[in-house]
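Chain by chain, the residues:
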Amino acid sequence: MAEFVEADNAEAIIARIETKSRKIESLLKQYKHVEALKTALEGSPPKTRDERCKSANWIVVHRAIMAIKDIDGMLNALDAEYYDILMKYLYRGLSTGDRPTCDQCLKIHEKLTERAGLGCILRCLTDTINTV
């Protein structure tokens, strides 16, 4: 079982997320979209129940997801270890109800499901401990 960080350490987690955000923005400016997504997904989900941390991390991942144009190319470059966590963030994106976010998440979801199979969906939906 994962150890969760208490709320008093949430500020340290948010500081790490802010550092990660700056790195991702730099990668996106260099048109390194896949590297930005990998960086966003690393260390996700944060080992905390603090919603501020989860929301801050979602914003970073969302920025990287929305920058992806070549979904097949992204999946070819993305290691399989990232598939399950990406699927979790796709469902978080779908839950926003925001049309552009939902459209992008559905496009990626379709391709990711073809690549990773239904097991990826099941693992994502049944993991109630490591939520994003």
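Residues numbered from 1 in each chain as written. Predicted model: local features only at pLDDT ≥ 70, side-chain atom pairs only at ≥ 80, totals over all residues. Heavy atoms only, no water.

## What about the overall build of the protein chain?
- Assigned secondary structure in the protein chain consists of 7 helices and 0 strands.
- Along its sequence from the N terminus, the protein chain presents helices and strands in the succession α-α-α-α-α-α-α.
- Across its three principal directions, the C-alpha atoms of the protein chain cover 40 × 35 × 30 Å.
- Counting the 132 residues in the protein chain, one finds 43% classified as buried.
- Put simply, of all contacts in the protein chain between residues at least 6 apart along the chain, 74% involve residues at least 24 apart.
- Accessible surface computed for the protein chain: about 7,300 Å², of which carbon and sulfur atoms make up 53%.
- Taking the average location of the 20 positive side-chain charges in the protein chain and that of its 20 negative ones, the two points are 3 Å from each other. (Helix = DSSP H or I, 4+ residues; strand = E, 2+ residues; numbered from the N terminus. Buried < 20%, exposed > 50% of the residue type's maximum accessible area, 1.4 Å probe, protein only. Contact = heavy atoms within 4.5 Å. Areas by Shrake-Rupley, 256 points an atom, 1.4 Å probe, with all protein chains shown as cover. Lys, Arg positive; Asp, Glu negative; His and termini not counted. Charge placed at Lys NZ, Arg CZ, Asp CG, Glu CD.)

## Remarks on the packing of aromatic side chains
- By the definition in use, this model includes 1 aromatic pair.
- Note on Trp58 and Tyr89: the rings are 6.2 Å apart at their centroids and 10 degrees apart in plane angle, and the pair reads as stacked. Of this pair, Trp58 sits in helix H3 (residues 51–67) while Tyr89 sits in helix H5 (residues 83–95), and the two are 31 residues apart along the sequence. In terms of burial, Trp58 and Tyr89 fall into one category: buried. (Phe/Tyr/Trp six-rings, centres within 6.5 Å; stacked < 30°, edge-to-face > 60°.)

## Quick look at unusual backbone geometry
- Phi is positive for Tyr31, close to 60 degrees, though the residue is something other than glycine.
- Summarising the element assignment, Tyr31 is placed in the loop between helix H1 (10–29) and helix H2 (33–41).

## Observations regarding the nonpolar core
- In this structure, Leu37, Leu41, Ile65, Met74, Leu86, Tyr89 and Leu90 are the most contacted members of the largest nonpolar core, which totals 38 residues.
- Of all elements in the fold, only H1, H2, H3, helix H4 (71–77), H5, helix H6 (99–116) and helix H7 (118–126) reach the threshold of two or more residues within this core.
- Setting aside chain neighbours within four positions, we find Leu41 in contact with Val61, Tyr82, Ile85, Leu86 and Tyr89. (Core = buried A, V, L, I, M, F, W, Y, C linked by side-chain atoms within 4.5 Å.)

## A look at the pattern of salt bridges
- Taken as a whole and judged by the stated rule, the model has 8 salt bridges.
- When the shortest N-O distance is used, the salt bridge between Asp72 and Lys111 registers 3.6 Å. Here the residue Asp72 occupies a position in helix H4, and Lys111 occupies one in helix H6, the gap between them amounting to 39 residues.
- The exposure class of Asp72 is partly exposed, given its relative accessible area of 37%.
- Asp127 is the salt-bridge partner of Lys88, the closest N and O atoms lying 2.6 Å from each other. Separated by 39 residues along the polypeptide, Lys88 in helix H5 and Asp127 in the segment after H7 bring together distant segments of the chain.
- Under the relative-accessibility criterion, Lys88 is labelled buried at 11%. (Salt bridge = Lys/Arg side-chain N within 4 Å of Asp/Glu carboxyl O.)

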